[in-house]
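# Structural characterization, general
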Amino acid sequence: MSYEKRIALHAEGLSLSRLVLGAWRLLSGPEKPDAASVADLINGAIDLGMTSFDHADIYGDYGVEEVFGAGLKHWGGKREQIELITKCDIILKSDVRPANRIKHYDTSAAHIEASVDRSLKNLHTDYIDVLLIHRPDPLMDADETARGLESVVTAGKVRAVGVSNFTPSQFDLLASRLPFPLVTNQIEVSVIHTAALFDGSLDHAQRLRYSPMIWSPLGGGSLFTGDGAQERRVRGALKVAADAAGVVDIAAIAIAWLLRHPARPIPVLGSLKRERLALMAAALDIELERQQWFEILKASTGEDVP
Ligand SMILES: NC(=O)c1ccc[n+]([C@@H]2O[C@H](COP(=O)([O-])OP(=O)(O)OC[C@H]3O[C@@H](n4cnc5c(N)ncnc54)[C@H](OP(=O)(O)O)[C@@H]3O)[C@@H](O)[C@H]2O)c1
């Protein structure tokens, strides 16, 4: 059995590729990638079926969207071939934003509208497929935030909206003020971080039938670099499953472990290395059986389920 290559975020919403490419680490290397190499990255991802790209206004100290946008301009494909996700509301203390005295959140309508306009300009596009509120804001006035989100959708600048790192109750509050559904909650889940399996987040996604997007699906790389007991156990369990599936890369099993969940999670992959992405794309052809899935869970938690 293979997973579908595309997935609807929500019954009423648009679809994304089954695996999304995250752009957070685009400026993490020693050199700033030029437009041609970003265009290569986009083409390489599309070849692997990954047409959806995850951004945030703040990635790379407010620099990633612009570098990616230059690559998009160079790329020369059709805008409709890809999907762009971006986020707003985190405000960083940064040299490029000298007015920001402290890291904070801003879910005001004015900030949402201004941030979307900046993202459109940086990404060289006239619409964003999905806009996410990046983190829950303790000062969020749900009526006002909903007004901001409605205005960017009505203006045709954004096709659909969602949230990230929201609890089910924060999600429900914002959703209660909107005339259209929130199409996703982007949350952290991995073989290393399993809390969302038990804290109601994935139950909520199933109940409302939206596909949660999953950030740091390999624990941000700690799956490979961590040398604690948990990471060692998990690597061992993933290797057993990788051998059984005939794949070389335990990352593919870690992704397949997420795909197996009935909430239909959408992993947002963080590596930008083509060979690693190709190995992880193999996850779409791996359906872990129930006991394998629980063996990996046990390796993560260190104990049998009760
Ligand atoms: N909504 C939020 O709050 C939030 C928070 C964090 C991230 N995100 C999104 O989620 C995306 C993914 O997060 P992430 O980068 O932490 O994801 P990840 O896939 O868990 O981690 C990627 C890291 O793992 C490393 N890695 C080491 N060995 C690997 C192997 N064999 N195969 C694949 N990767 C390996 C990668 O290194 P190399 O780069 O050297 O390949 C990279 O540094 C981000 O790009 C961003 O779009 C969202």
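Residues numbered from 1 in each chain as written. Predicted model: local features only at pLDDT ≥ 70, side-chain atom pairs only at ≥ 80, totals over all residues. Heavy atoms only, no water.

An unreviewed UniProt entry annotates the protein as Oxidoreductase originating from Phyllobacterium brassicacearum.

Helix and strand counts for the protein come out as twelve helices and twelve strands. Taking 19 Å as the expected radius of gyration for a compact globule of 306 residues, we find that the protein reaches 19 Å, a close match to that expectation. Expressed as a percentage of the 306 residues in the protein, the buried residues total 53%. A total accessible area of about 13,900 Å² is found for the protein, and carbon and sulfur atoms account for 51% of it. (Helix = DSSP H or I, 4+ residues; strand = E, 2+ residues; numbered from the N terminus. Rg over C-alpha atoms; globule rule 2.2 N^0.38 Å. Buried < 20%, exposed > 50% of the residue type's maximum accessible area, 1.4 Å probe, protein only. Areas by Shrake-Rupley, 256 points an atom, 1.4 Å probe, with all protein chains shown as cover.)

When the terminal C-alpha atoms of helix H3 (residues 64-75) are compared, their 16 Å separation across twelve residues agrees well with the 16 Å that a helix rising 1.5 Å per residue should span. Taken as a whole, H3 has its buried residues at Val64, Glu65, Val67, Phe68, Gly69, Gly71, Leu72 and Trp75. The elements touched by buried residues of H3 are helix H1 (35-47), strand S4 (52-54), helix H2 (59-62), strand S5 (83-88) and helix H4 (109-123). Following H3 by one or two positions, glycine 76 has its phi on the positive side, about 80°. (Expected span 1.5 Å × (residues − 1). Contact = heavy atoms within 4.5 Å.)

Next up on the list: the side chain of serine 52. Tracing the backbone through its elements, the reader meets serine 52 in strand S4. Excluding residues within four positions of it along the chain, serine 52 makes contact with Leu16, Ser17, Val20, Leu21, Glu83 and Ile85.

In the vicinity of the ligand there are 28 residues, among which Arg25, Asp54, Ser216, Ser271 and Lys273 approach most closely. Backbone polar atom of leucine 218 to an oxygen atom of the ligand: 2.7 Å apart, as the coordinates give it. Within the backbone of glycine 270, an N or O atom sits 3.2 Å from an oxygen atom of the ligand. For the ligand, the accessible surface in isolation is 910 Å², of which the surrounding protein chains cover 89%. Taken together, the residues that form the shell around the ligand break down as eleven nonpolar, eleven polar and six charged. (Near = heavy atom within 4 Å. Polar contact = N/O pair within 3.5 Å; in protein donor to acceptor, adjacent residues only side chain to side chain. Nonpolar A, V, L, I, M, F, W, Y, C, P; charged D, E, K, R; others polar.)

With that out of the way, let us pick up the UniProt feature "domain: NADP-dependent oxidoreductase" (unreviewed entry) in the protein. When the UniProt feature table is mapped onto this chain numbering, "domain: NADP-dependent oxidoreductase" (unreviewed entry) sits at residues 18-296. Taken end to end, residues 18-296 is 43% helix and 14% strand, and its first and last C-alpha atoms sit 22 Å apart. (UniProt positions renumbered as here; feature names shortened; annotations may be inferred.)

Between its first and last C-alpha atoms helix H5 (residues 142-154) spans 18 Å; for 13 residues at 1.5 Å apiece the expected length is 18 Å, and the two agree. Along H5, the positions that sit buried rather than exposed are Ala142, Thr145, Ala146, Gly148, Leu149 and Val152. Down the axis of H5, the buried side of the element spans an arc of 155°, and every buried residue falls inside it. Turned more than 90 degrees away from the buried face of H5, the exposed residues are Arg147 and Thr154. Here the buried face of H5 lies against H4, strand S8 (128-133), strand S9 (158-164) and helix H6 (168-175). Two residues or fewer past H5, glycine 156 is found with a positive phi of approximately 80°. (Arc of directions from axis to C-beta.)

Within the secondary structure, phenylalanine 180 sits in the loop between H6 and strand S10 (185-188). Sequence spacing of phenylalanine 180 and valine 161 is 19 residues, and the spatial spacing of their C-alpha atoms is 8.7 Å. If sequence neighbours within four positions are ignored, phenylalanine 180 has contacts with Leu149, Glu150, Val153 and Val161.

Let us look at the sheet that holds S5. If you trace the eight strands once around the closed barrel, you get S3-S4-S5-S8-S9-S10-S11-S12, paired in parallel fashion. Strand-to-strand twist of the sheet, defined as the mean angle between neighbouring strand axes without regard to direction, takes the value 30°. Sheet analysis places strand S3 (residues 20-22) next to strand S12 (residues 266-269), joined by two bridges and oriented parallel. Within the sheet, the bridge partner assigned to valine 20 lies in S12 and is valine 268. (Pairing = 2+ DSSP bridges. Axes fitted to C-alpha atoms, helices over the stretch in contact; angles between N-to-C directions.)

Next up on the list: the packing of H1 against H3. The packing of two helices is summarised by the inter-axis angle and the distance between the axes. One can describe the packing of H1 onto H3 by two numbers: an axis separation of 7 Å at closest approach and a directional angle of 75°. In terms of axis orientation, H1 runs roughly perpendicular to H3. Residues Ala35, Ala36, Val38, Ala39, Ile42, Asn43 and Ile46 of H1 form the contact with H3, whose own contacting residues are Val67, Phe68, Ala70, Gly71, Leu72, His74 and Trp75. Partitioned by chemical class, the residues of the contact of H1 with H3 number eleven nonpolar, three polar and no charged. (Parallel < 35°, antiparallel > 145°, perpendicular 65-115°, else oblique.)

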